[in-house]
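# Understanding the architecture of this molecule
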Amino acid sequence: MDQALIWGIAIAVLAIFLLMKTAIVVPQQSAYIVELWGRYSRTLQAGFHILTPFMERVAYKHSLKEMAIDIPEQVCITKDNVQVHVNSVLYMKVMNPERASYGVNDYRFAISQLAQTTLRSEIGKIDLDRTFEERMHINAQIVDELDKATEPWGIKVLRYEIKNITPPQDVLAAMEKQMRAEREKRAVILTSDGQRDAAINSAEGEKQQVI
């Protein structure tokens, strides 16, 4: 009787152990990739699942939420050979967990590198003066290029935003001088126009007084 009880306890413990190892709860907005003997078997969506003991395993876990990737600051050269420091952020989403697992080794790193090279290419097509006013166009072009490249990886690039464009200090000083000169020029023109109008009004007043 004692031996039967021991066997029963052992079997119960083994069953609990197997259940803990094979029972999988996938959270909402997540997807798990299951492999059978080292090969892709299926994709588990949100909910409760049981794996085949000793044969299946969870190889990859993906979040299906929109993710933001900070693109490190880098030096880009404009069309007129001015070096600018640019940092940005990219928003993406995993659309196909199977492709994201097997299409590329590390899709976050790959997309970050691809975003940096694409940004340098787009900045190199325009002059410094246009980089600030063409920011929305640059963002759209980068999203278009990245979306084409990441489609085989099961990734959708949603948005790309340039956060800062910083020219060298000497260029900033030159731009500040130019802006100051423009403001002073406008002030001189306004003062001249005011004096001219005052002279015209004074002459017209004298003319009317003589009449």
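Here the structure is shown first, and the text comes after it.
Let me begin by describing the structure that accompanies this report. (Residues numbered from 1 in each chain as written. Predicted model: local features only at pLDDT ≥ 70, side-chain atom pairs only at ≥ 80, totals over all residues. Heavy atoms only, no water.)

Another point: the packing of aromatic side chains. Enumeration over the complete set of coordinates arrives at two aromatic pairs. Each ring, one from Tyr40 and one from Tyr102, has its centre 6.1 Å from the other, and the planes form 80 degrees; the classification is edge-to-face. Of the two residues, Tyr40 sits in strand E3 (residues 39-44) while Tyr102 sits in helix H2 (residues 97-102), which places them 62 residues apart along the sequence. Arranged with centres 5.5 Å apart and planes meeting at 80 degrees, the rings of Tyr60 and Tyr102 form a pair that is edge-to-face. (Phe/Tyr/Trp six-rings, centres within 6.5 Å; stacked < 30°, edge-to-face > 60°. Helix = DSSP H or I, 4+ residues; strand = E, 2+ residues; numbered from the N terminus.)

The buried count for strand E2 (residues 30-36) comes to six of seven residues, which makes it a mostly enclosed element. One ladder, built from five bridges, connects E2 with E3; its direction is antiparallel. The partner of Leu36 across the bridge, within E3, is Arg39. Hairpin connection between E2 and E3: a loop of two residues separates the two successive antiparallel strands, and Trp37 in this loop has a positive phi of roughly 55 degrees. (Buried < 20%, exposed > 50% of the residue type's maximum accessible area, 1.4 Å probe, protein only. Pairing = 2+ DSSP bridges.)

The next thing to look at is helix H5 (residues 135-150). Across its 16 residues, H5 extends 22 Å between first and last C-alpha, which sits within 8% of the 22 Å expected from 1.5 Å per residue. Considered for burial, the residues of H5 that qualify are Ile138, Asn139, Ile142, Val143, Leu146 and Thr150. Along the axis of H5, the buried positions cluster into a sector of 135 degrees, meaning they face one direction only. Where the residues of H5 are buried, they touch strand E7 (83-94), helix H3 (107-123), helix H4 (128-133) and strand E8 (155-166). (Expected span 1.5 Å × (residues − 1). Arc of directions from axis to C-beta. Contact = heavy atoms within 4.5 Å.)

Let us look at unusual backbone geometry. Its identity as a non-glycine residue notwithstanding, Gln29 has a phi of 60 degrees, on the positive side. With respect to the secondary-structure elements, Gln29 resides in the loop between strand E1 (23-26) and E2.

When you line up the elements, Thr78 lands in the loop between strand E6 (67-77) and E7. With residues up to four places along the chain from it excluded, the contact list for Thr78 reads Val84, Ile123, Gly124, Ile126, Asp127, Leu128 and Thr131.

Our next topic: a negative patch on the surface. Taken together, Asp80, Asp127, Asp129 and Glu133 make up a surface patch of like negative charges. Structurally, Asp80 can be placed in the loop between E6 and E7. When its relative accessible area of 36% is taken as the criterion, Asp80 is described as partly exposed. (Patch = residues over 30% accessible without salt bridge, like charges linked within 9 Å, V, L, I, M, F, W, Y side chains within 5 Å. Areas by Shrake-Rupley, 256 points an atom, 1.4 Å probe, with all protein chains shown as cover. Salt bridge = Lys/Arg side-chain N within 4 Å of Asp/Glu carboxyl O. Lys, Arg positive; Asp, Glu negative; His and termini not counted. Charge placed at Lys NZ, Arg CZ, Asp CG, Glu CD.)

Further remarks concern the environment of Ile165. Positionally, Ile165 belongs in strand E8. Relative accessible area serves as the criterion here: at 8%, Ile165 is assigned to the buried category. For the pair Ile165 and Thr131, spaced 34 residues apart in sequence, the C-alpha to C-alpha distance is 8.0 Å. Apart from residues lying up to four places away in sequence, Ile165 is in contact with Val84, His85, Val86, Thr131, Phe132 and Arg135.

Here H3 crosses H5 at 140 degrees, and the two axes come no closer than 10 Å. Classed by the angle they form, the pair H3 and H5 counts as oblique. Here H3 runs over H5; the crossing is right-handed. Taking contact as the criterion, the partners of Ile111, Leu114, Ala115, Thr118, Leu119, Glu122 and Ile123 in H3 are, on H5, Ile138, Gln141, Ile142, Glu145, Leu146, Ala149 and Thr150. The residue makeup of the contact of H3 with H5, split by class, is nine nonpolar, three polar and two charged. (Axes fitted to C-alpha atoms, helices over the stretch in contact; angles between N-to-C directions. Parallel < 35°, antiparallel > 145°, perpendicular 65-115°, else oblique. Left-handed = near helix turned anticlockwise from the far one by under 90°. Nonpolar A, V, L, I, M, F, W, Y, C, P; charged D, E, K, R; others polar.)

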